[in-house]
Amino acid sequence: MLAQVIFYALAALTVGSAALVAFSRNIVYSTFALLGALMGVVGIYILLAADFVAMVQLLVYVGGILVLTIFAVMLTAGIADVKVSNRTVGTGPAIVVAGVAAIVMLYAVMRTQWHQAAAFTPAPTTYAIGNAFLGDYVLPFEVASLVLLAALIGAIVISSHEVRE
Amino acid sequence: MGGGITLNDFLVLSLIIFSLGLVTVLTRRNAIGILMGVELILNSANINYLAFAYYGGGKYDGQIFAIFVIMLAAAEAVIGLAVVLAIYQNFKTIDVDAAETLRG
């Protein structure tokens, strides 16, 4: 019962914030609403017994990506002018497309008999995930560091003035 | 999760977030707004990964995939925002309709 109340509170927070991201007329409001959506998702992760992933989400998304997005919003002018900052086009067709996609997916979710294992007692996941990263998943782990290095250098090259002149 | 939350609840939640992210991507003309929609979509995929990992018996593979998705989302946001800043320096706007130099 308690878990259900927590789930619906988190779901309301997440969906409400995501709706604000989608429909707000002001890009600054959208950005701060994204904070609520990401925090709601952190709660959902904890509810799903994924403590390590929840903390990674908190550090990377809320601490990194969101701050970066806020910086980018503040650095690009015309924020105060709603027409410029957050113009939307084709809202009707977009809602129709997303609605049709949602109905098809809802049908698939409801029709499918998902395999469900027996309930288990949640335990801290950090130890097992660390072992997996240095065992079965060591190759993707190393490739991920290469991807991050390439993204780092690429971002510096793309955004620096001198290189493009 | 004895509280009566089922796998379907999480899948429907993720579906709603995905749809809102799709609407954001389709309607925004602000490049940063489009990137925020992409973040919502990636988060909905992550909820699915973790829900299947939880209801599939507590294996860790789903959580590891979610961590990789978060990592790629960070790389995508960095590159995307760098491109947006470069577009802003060239066109003095981040309206994606304004950057049409390549249009034939």
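Relevant structure appears above.
Being a predicted model, the structure only gives us computed values, none of them experimental.

Turning to the overall build of chain A, a few remarks are in order. A tally of regular secondary structure across chain A gives 8 helices and 0 strands. Counted from the first residue to the last, chain A has its helices and strands arranged as α-α-α-α-α-α-α-α. Relative to its 165 residues, chain A shows a buried fraction of 35%. In chain A, the proportion of contacts linking residues at least 24 apart, taken out of those at least 6 apart, comes to 57%. When the accessible area of chain A is evaluated, it comes to approximately 9500 Å², of which 76% is carbon and sulfur surface.

On the surface, A:Leu134, A:Val138, A:Leu139, A:Phe141, A:Val143, A:Val147 and B:Leu72 cluster together to form a nonpolar patch covering roughly 610 Å² of accessible area. Counting residues per element, the nonpolar patch draws most heavily on helix α7 (residues 138-159) of chain A, at 5 residues. Along the chain, B:Leu72 turns up in helix α3 (residues 61-91).

Turning our attention to unusual backbone geometry. You will see that A:Ala49, though not glycine, has its phi angle at about 60°, which is positive. Tracing the backbone through its elements, the reader meets A:Ala49 in the loop between α2 (27-47) and α3 (51-75).

Right, let's get into the nonpolar core. Ranked by size, the top nonpolar core spans 67 residues in total, and within it A:Ile44, A:Leu48, A:Val53 and B:Phe10 carry the most contacts. For this core, the secondary structure elements donating two or more residues are α1 (2-23), α2, α3, α5 (91-111) and α6 (126-133) of chain A together with α1 (7-27), α2 (31-55) and α3 of chain B. Sorting elements by how many residues they give to this core places α3(B) first, with 12 residues. Shared between two domains, this core takes at least three residues from each, and those domains are domain 1 (1-86) and domain 2 (125-165) of chain A.

The interface of chain B with chain A comprises 70 residues on the first partner and 83 residues on the second. Regarding the contact of chain B and chain A, the summed buried area is about 6700 Å², with carbon and sulfur atoms giving 77% of it. Summed over the three residues of chain B that lose the most area to chain A, namely B:Arg28, B:Met36 and B:Ile70, the buried surface amounts to 10% of that side. The tally of links between chain B and chain A comes to 0 salt bridges. At the surface where chain B touches chain A, the tally comes to 9 residue pairs in polar contact (both at pLDDT 80 or more). Counting only elements with at least two residues in the side of chain B that touches chain A, the list comes to α1, α2 and α3 of chain B. Looking at the side of chain B that touches chain A, the element that brings in the most residues is α3(B), giving 24 residues. In terms of residue class, the side of chain B that touches chain A is made up of 47 nonpolar, 16 polar and 7 charged.

Before going further, it helps to examine the packing of aromatic side chains. Note on aromatic pairs: each is described by the distance of the centres and the angle between the planes. One pass over the structure, following the stated rule, counts 8 aromatic pairs over all chains. Aromatic pair B:Tyr49 and B:Phe65: ring centres 5.6 Å apart, planes at 25°, arrangement stacked. Residue B:Tyr49 is found in helix α2, and its partner B:Phe65 is found in helix α3; the two are separated by 16 residues along the sequence. Given the relative accessible area of 34%, B:Tyr49 is considered partly exposed. Overall, B:Phe65 belongs to the partly exposed group, its relative accessible area being 40%. Counting every residue linked through ring pairs, the aromatic cluster contains A:Phe7, A:Tyr8, B:Phe10, B:Tyr54 and B:Tyr55.

Now for the packing of α7(A) against α3(B). A pair of packed helices can be characterised by two numbers: the angle between their axes and the separation between those axes. Where α7(A) meets α3(B), the closest approach of the two axes is 9 Å, and the angle between their N-to-C directions is 10°. Considering the angle they form, α7(A) stands roughly parallel to α3(B). From α7(A), A:Pro140, A:Phe141, A:Ala144, A:Val147, A:Leu148, A:Ala151, A:Gly154, A:Ala155, A:Ile158 and A:Ser159 reach across to α3(B), where they touch B:Phe68, B:Met71, B:Leu72, B:Ala75, B:Val78, B:Ile79, B:Ala82, B:Val83, B:Ala86 and B:Gln89. Considering only residue class, the contact of α7(A) with α3(B) consists of 17 nonpolar, 3 polar and no charged.

Procedures and definitions
As a convention, each chain's residues are numbered from 1 in the sequence order in which they are written. By the order in which they are written, chains take letters starting at A while ligands take numbers starting at 1. In view of the model being predicted, local features appear only for residues whose pLDDT reaches at least 70, and side-chain atom pairs are presented and counted only at 80 or more, with totals across whole chains, interfaces and linings using the full set of residues. For the side-chain quantities, the full set of heavy atoms in the structure was used; hydrogens and water were omitted. Helix and strand assignments come from DSSP, with helices taken as H or I runs of at least 4 residues and strands as E runs of at least 2, each series counted from the N terminus. A simple rule labels every residue: compare its accessible area, found with a 1.4 Å probe on the protein chains alone, to the largest value its type can have, and call it buried under 20%, exposed over 50%, or partly exposed in between. Contacts are assigned to residue pairs that have any heavy atoms within 4.5 Å of one another. Here the open area of atoms and residues is found with the Shrake-Rupley method and a 1.4 Å probe, where only the protein chains shown may cover a residue. Residues qualify for a patch when their relative accessible area is over 30% and they have no salt bridge, like charges being joined within 9 Å and the nonpolar side chains of Val, Leu, Ile, Met, Phe, Trp and Tyr within 5 Å. Should a side-chain nitrogen of Lys or Arg be within 4 Å of a carboxyl oxygen of Asp or Glu, the pair is scored as a salt bridge. We define a nonpolar core as any set of buried Ala, Val, Leu, Ile, Met, Phe, Trp, Tyr and Cys residues linked to one another through side-chain atoms lying within 4.5 Å. Domain borders in the structure are assigned automatically or taken from a domain database. Summed over both partners, the accessible surface that disappears when two parts come together, traced with a 1.4 Å probe, is what is meant by buried area. Each polar contact in these results corresponds to two N or O atoms within 3.5 Å; when the atoms are within protein, one needs to be able to donate a hydrogen and the other to accept it, and residues that are neighboring in sequence are counted only if both atoms are side-chain atoms. When residues are sorted by character, Ala, Val, Leu, Ile, Met, Phe, Trp, Tyr, Cys and Pro go into the nonpolar class, Asp, Glu, Lys and Arg into the charged class, and all the rest, Gly among them, into the polar class. Ring geometry is summarised as follows: Phe, Tyr and Trp rings, the Trp one being its six-membered ring, pair when their centres sit within 6.5 Å, and such pairs are stacked at plane angles under 30 degrees, edge-to-face over 60 and tilted between the two. Every angle, taken between N-to-C directions, lies between 0 and 180 degrees, and every axis is a line fitted to C-alpha atoms, over only the stretch in contact when it is a helix. Every angle not falling under 35 degrees, over 145, or within 65 to 115 is termed oblique; those three ranges are roughly parallel, roughly antiparallel and roughly perpendicular.

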